[in-house]
Amino acid sequence: MNKFFYARLAAVNMRKNARVYVPYLLTCIFTVAAYYMISALSVNPGIEDMELGSGTLRVVLGLGVWVVSLFACIFIFYTNSFLMKRRKKEIGLYNVLGMGKGHLSRMIFYETVYIGVISLVVGTLLGVLLDKAAFLVLANLMEAEVPLGFYVSWGSIWNAILLFGILFFLIFLNSLRQIHLTNPIELLRGGQMGEKEPKTRWLLAIIGIGLLGWGYWLAVSITNPVQAVTLFFFAVILVIVGTYCLFTAGSIAILKVLRKNRRFYYKPNHFIAVSGMIYRMKQNAVGLANICVLSTMVLVMVSSTFSMYVGMEDMLEKTYSRDMEFLIRGDSQYLGEAAAEVVDDILQEEDAEAENILTYTYLNSSAQKIGSTYEIDPSKKNNGAAVAEYCTITFVTLEEYNRVMGTQKSLEEGEILLYTPEEELQGDTFSLGDTSWKIGETLTEFPDNTAAAVMMTTHIGVVVKDWETLLQIETMQRWPDADYEGYSDIECAYSFDLKNGDSQQEAAIYENLIYAFEPTSQLLAEKGGTLAMTRVYYNAQERSIYMSLIGGLLFVGIFLGTLFVMATILIIYYKQISEGYDDKERFTIMEKVGMDKREIRRTIRSQVLTVFFLPLIMAGIHTAFAFPMIGRILQLMALQNQGLYVLCTVVSFLVFAVLYGIIYTLTARTYYKIVS
Amino acid sequence: MSILEVNHLKKVYTTRFGGSHVQALTDVSFSVEQGEFVAIMGESGSGKTTLLNILATLDRPTSGEVLLAGKNVLSIRERELAAFRRDNLGFVFQDFNLLDTFSLQDNIFLPLVLSGKKYPEMQERLAPIATRLEITPLLKKFPYEVSGGQKQRAAVARALITQPQLILADEPTGALDSRSADSLLRLFEEINQGGQTILMVTHSIKAASSAGRVLFIKDGEVFHQIYRGGRSQEELYQQISDTLTLIATGGAVASSVNYRHHEGGGRHE
């Protein structure tokens with residue numbers, strides 16, 4: 001026999017089965033391309049040149065590589081299993097005609113090699129081409145300069161070959177396993193072994209409802225942003241597991257209840273729809289749950305990253321209210337004077353002028369909320385406590401507060417003013433450990449505080465009567481350990497905008513401020529006191545770090561979003577095909593028994609519509625429930641503009657729904673072609 | 001009174017681009033009396049299935065007419081056809097054609113549900129039929145849970161439950177083992193004795209010999225027919241067998257001339 005026989009047979013097979021093979025091949029190609037793209041981007045030297053913040057971006061992209069690899073494995077296996085199911089009959093026929101399992105294995109081997117080689121070659125080429133485009137998009141999102149020229153990462157190509165080589169080998173083994181485990185008669189009958197009616201699994205259905213409810217409840221009930229962050233992934237897992245349970249068990253339980261209701265069930269429309277749906281759900285539940293989860297991920301990812309991106313200016317404005325901030329910490333009453341003098345000197349040196357100056361002295365202290373009191377004594381704080389229990393309290397004297405805010409507030413002995421926008425106030429006293437104050441007034445405004453804003457915890461502001469009280473509090477929260485000396489000192493922030501400053505001048509001033517510890521320390525020593533540390537916040541720098549982080553996140557969001565949409569398309573396509581083959585027979589039987597063609601088409605259409613739009617509706621509900629939680633997390637990142645997030649979510653959902661509708665209509669054509 | 005009259009049916013299949021014509025039915029005429037049990041026999045390709053499809057209103061003839069209870073079924077409009085089929089015809093197929101998404105009971109109810117009948121009425125109709133067909137304990141089961149013979153009896157129940165004018169059976173014993181086939185044929189005889197008109201297309205001499213009359217189709221024409229008369233099933237079996245041998249060997253050509261004039265009611269001696 002010609003030694004190329006199997007090679008040729010494999011090629012002919014693939015051509016004959018184009019309807020299922022082409023989408024599979026496309027999937028493999030795009031997955032390879034996607035893998036190469038994200039992998040090459042993560043090591044692209046162009047990113048190194050993108051000034052500051054390239055480190056964060058690299059981490060984000062590196063994470064993306066892992067997600068894509070995992071996705072590739074699951075997805076290619078999934079589509080392949082579908083392929084094998086469709087081809088069982090053909091393979092069984094070969095077997096009956098006299099091809100041994102060894103021969104079949106050789107044929108399958110060639111097929112897998114073809115698919116592997118084609119998808120790797122074409123995928124990599126496509127990846128290299130698209131990589132440049134992706135890089136341009138990424139650079140654009142990050143507002144960075146784009147270096148010219150193509151970049152080909154041989155390392156990424158090698159990784160792709162390795163990953164997908166192993167993957168295809170595993171798929172080959174899996175196909176072999178399937179061939180060897182079944183006998184030809186079973187193979188011949190293929191997919192149409194008498195489908196059993198699914199069992200009602202009430203327990204699973206109830207667990208599903210419970211988990212989903214729990215997840216939703218977490219999402220809705222948590223008001224503390226920090227807690228929202230810590231519990232977000234837990235809620236996500238609850239909802240994912242709940243979705244799978246509901247789709248697999250819940251749907252069937254509901255349909256069976258409907259079937260038990262004779263009045264409802266024995267109506268022409270319901271009769272066929274309900275019984276048909278029970279089987280459709282049995283075969284499709286997992287696929288539909290996949291679609292639902294993927295869709296939700298796409299929606300959540302794109303809408304949140306997009307609103308972060310759009311709302312970034314707002315966010316930066318909130319966190320870094322001025323161009324630059326010089327922050328010093330020390331054991332002295334003269335921090336304010338020292339900071340002002342140092343900054344003035346530097347500005348003079350650089351021939352620059354400051355405006356919009358904000359300077360005040362305060363004490364930032366991390367507190368743990370225990371009951372209704374706040375514990376700031378480090379030795380009494382519980383180290384194992386969740387982040388959500390912590391908050392940052394800014395203490396400031398009445399004199400400073402009135403000076404900065406231009407107010408004329410007054411305080412009695414044993415009274416404080418309280419600013420607590422993120423937490424409900426309980427009672428009219430404020431306690432730190434054993435010491436309590438009466439709350440004189442609740443404040444609606446408080447001076448901007450960068451050091452507190454960059455912390456992920458809740459922010460509380462407290463205005464105390466005088467310097468003595470401030471010192472008393474400072475002692476309360478001091479670390480007993482000398483190693484931490486200075487960490488809990490009183491701070492002074494001197495923040496300002498530069499009048500007509502260009503970026504070069506800004507950078508020079510920034511540079512000077514970074515190395516200003518020595519002069520400040522000397523100055524403070526002269527005035528009386530010791531300097532513990534200095535720090536500089538430079539808006540432009542923070543901005544570029546944010547840009548690369550959020551631009552990177554948005555990029556990964558869009559990238560994965562596209563990939564997931566592609567996966568959704570493919571799952572829907574395959575589902576339509578398999579549904580089509582199954583329905584064909586039912587279609588003819590119903591016609592013979594006395595249903596007219598239009599009626600049949602209508603009921604089938606309504607069932608198929610329900611099946612395919614159920615995941616979209618569920619995804620919509622998931623997104624709606626995720627909304628408050630993500631809103632709070634974004635709030636933590638200083639994105640206060642809820643309206644923007646609402647808009648982004650609604651727009652993403654609409655775009656996605658339209659896309660989904662288009663995909664459905666296109667694939668439905670294949671379905672109708674098969675059925676009629 | 002004849003319940004079914006078929007006059008000069010002709011069916012020509014044309015390939016998609018009109019390249020070639022295949023004449024499936026040349027000129028078929030016969031009639032079935034109320035309460036008769038008629039079997040139609042013929043080789044593969046003789047036009048049996050085409051004939052049955054036209055009678056079932058699933059296909060339309062090129063020319064000719066079909067009268068069911070005096071009504072020309074070919075004049076029924078497309079959108080009323082389904083309802084017509086449901087109310088007047090019952091079907092029993094070789095491969096049962098039960099929907100595996102329904103329990104046997106729901107499969108039997110299907111035509112009634114489609115006609116908008118209420119559950120109590122359906123239940124009332126089903127009970128006696130199920131008892132007679134001995135499928136009462138199986139009603140809650142699904143098609144994949146029961147044997148071929150049981151499936152076929154459920155299909156018969158589905159055909160009977162609408163109380164149709166005519167039952168059309170297409171190779172009903174084709175997929176059954178001999179015991180199930182025998183019991184199904186006895187069932188058909190019983191039903192027929194109860195007054196139900198049955199028209200059965202079959203290959204099997206055994207099946208045909210349980211009928212009251214056997215029509216032979218060859219090359220798209222009714223070629224010959226035999227009445228059972230007072231004969232036993234064994235005798236009829238022998239007669240059918242002889243006729244088929246005649247048809248298959250060249251002798252048929254000569255004898256066809258002799259048999260032709262018996263068509264339309266004459267008893268064969």
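For the structure itself, look to the data block above.
Residues numbered from 1 in each chain as written. Chains lettered and ligands numbered in written order. Predicted model: local features only at pLDDT ≥ 70, side-chain atom pairs only at ≥ 80, totals over all residues. Heavy atoms only, no water.

Peer 1: Would you mind going over the overall build of chain A with me for this structure?
Peer 2: The helix and strand inventory of chain A stands at 21 helices and 10 strands. Looking at chain A as a whole, 54% of its 676 residues qualify as buried. If you take every contact in chain A between residues at least 6 apart in sequence, the share linking residues at least 24 apart comes to 83%. Carbon and sulfur atoms make up 61% of the accessible area of chain A, which amounts to about 31300 Å² in all. (Helix = DSSP H or I, 4+ residues; strand = E, 2+ residues; numbered from the N terminus. Buried < 20%, exposed > 50% of the residue type's maximum accessible area, 1.4 Å probe, protein only. Contact = heavy atoms within 4.5 Å. Areas by Shrake-Rupley, 256 points an atom, 1.4 Å probe, with all protein chains shown as cover.)

Peer 1: Can you walk me through the interface of chain B and chain A in this structure?
Peer 2: A common way to report how large an interface is uses the accessible area buried once the components associate. Of the residues lining the interface, 27 residues belong to chain B; the matching set on chain A comes to 25 residues. Buried area between chain B and chain A, summed over both chains or domains, comes out near 2500 Å², and the portion from carbon and sulfur atoms is 65%. Its largest share of buried area at the contact with chain A, chain B owes to Thr-101, Leu-114 and Tyr-144 of chain B, together 23% of the area lost on that side. One can count 0 salt bridges joining chain B with chain A. The interface formed by chain B and chain A includes 4 residue pairs in polar contact (both at pLDDT 80 or more). It is helix α3 (residues 104-114) of chain B that provides the largest number of residues to the side of chain B that touches chain A, a total of 7 residues. (Buried area = accessible area lost by both parts, 1.4 Å probe. Salt bridge = Lys/Arg side-chain N within 4 Å of Asp/Glu carboxyl O. Polar contact = N/O pair within 3.5 Å; in protein donor to acceptor, adjacent residues only side chain to side chain.)

Peer 1: Can you walk me through the packing of aromatic side chains in this structure?
Peer 2: The description of an aromatic ring pair rests on the distance of the ring centres and on the angle between the ring planes. The tally for this structure, following the rule as stated, stands at 32 aromatic pairs over all chains. Of the aromatic side chains, those joined through ring pairs into one cluster are Tyr-265, Tyr-266 and Phe-271 of chain A together with Phe-102, Phe-109 and Tyr-119 of chain B. (Phe/Tyr/Trp six-rings, centres within 6.5 Å; stacked < 30°, edge-to-face > 60°.)

Peer 1: For this particular structure, what's the right way to read the environment of Asp-182 of chain B?
Peer 2: With respect to the secondary-structure elements, Asp-182 of chain B resides in helix α6 (residues 178-193). Looking at Asp-182 of chain B, the relative accessible area reads 26%, which means it is partly exposed.

Peer 1: How should I be thinking about the pairing of strand β2 (residues 353-370) of chain A in this particular structure?
Peer 2: Two faces make up the sheet, and in a regular strand the side chains alternate between them. All names here are of chain A. With 8 bridges connecting them, β2 and strand β9 (residues 490-499) associate as antiparallel partners. By the bridge assignment, Leu-358 is partnered in β9 with Ser-495. Where β2 meets strand β4 (residues 390-397), 6 bridges bridge the pair, whose relative direction is antiparallel. Paired with Gln-368 across the two strands is Tyr-390, which belongs to β4. Direction of pairing for β2 relative to strand β3 (residues 373-375): antiparallel, over a ladder of 3 bridges. Following the sheet pairing, Lys-369 is matched in β3 by Tyr-374. In textbook terms, the turn of a hairpin is the stretch between consecutive antiparallel strands, and for β2 and β3 this stretch comprises 2 residues, one of which, Gly-371, has a positive phi near 65 degrees. (Pairing = 2+ DSSP bridges.)

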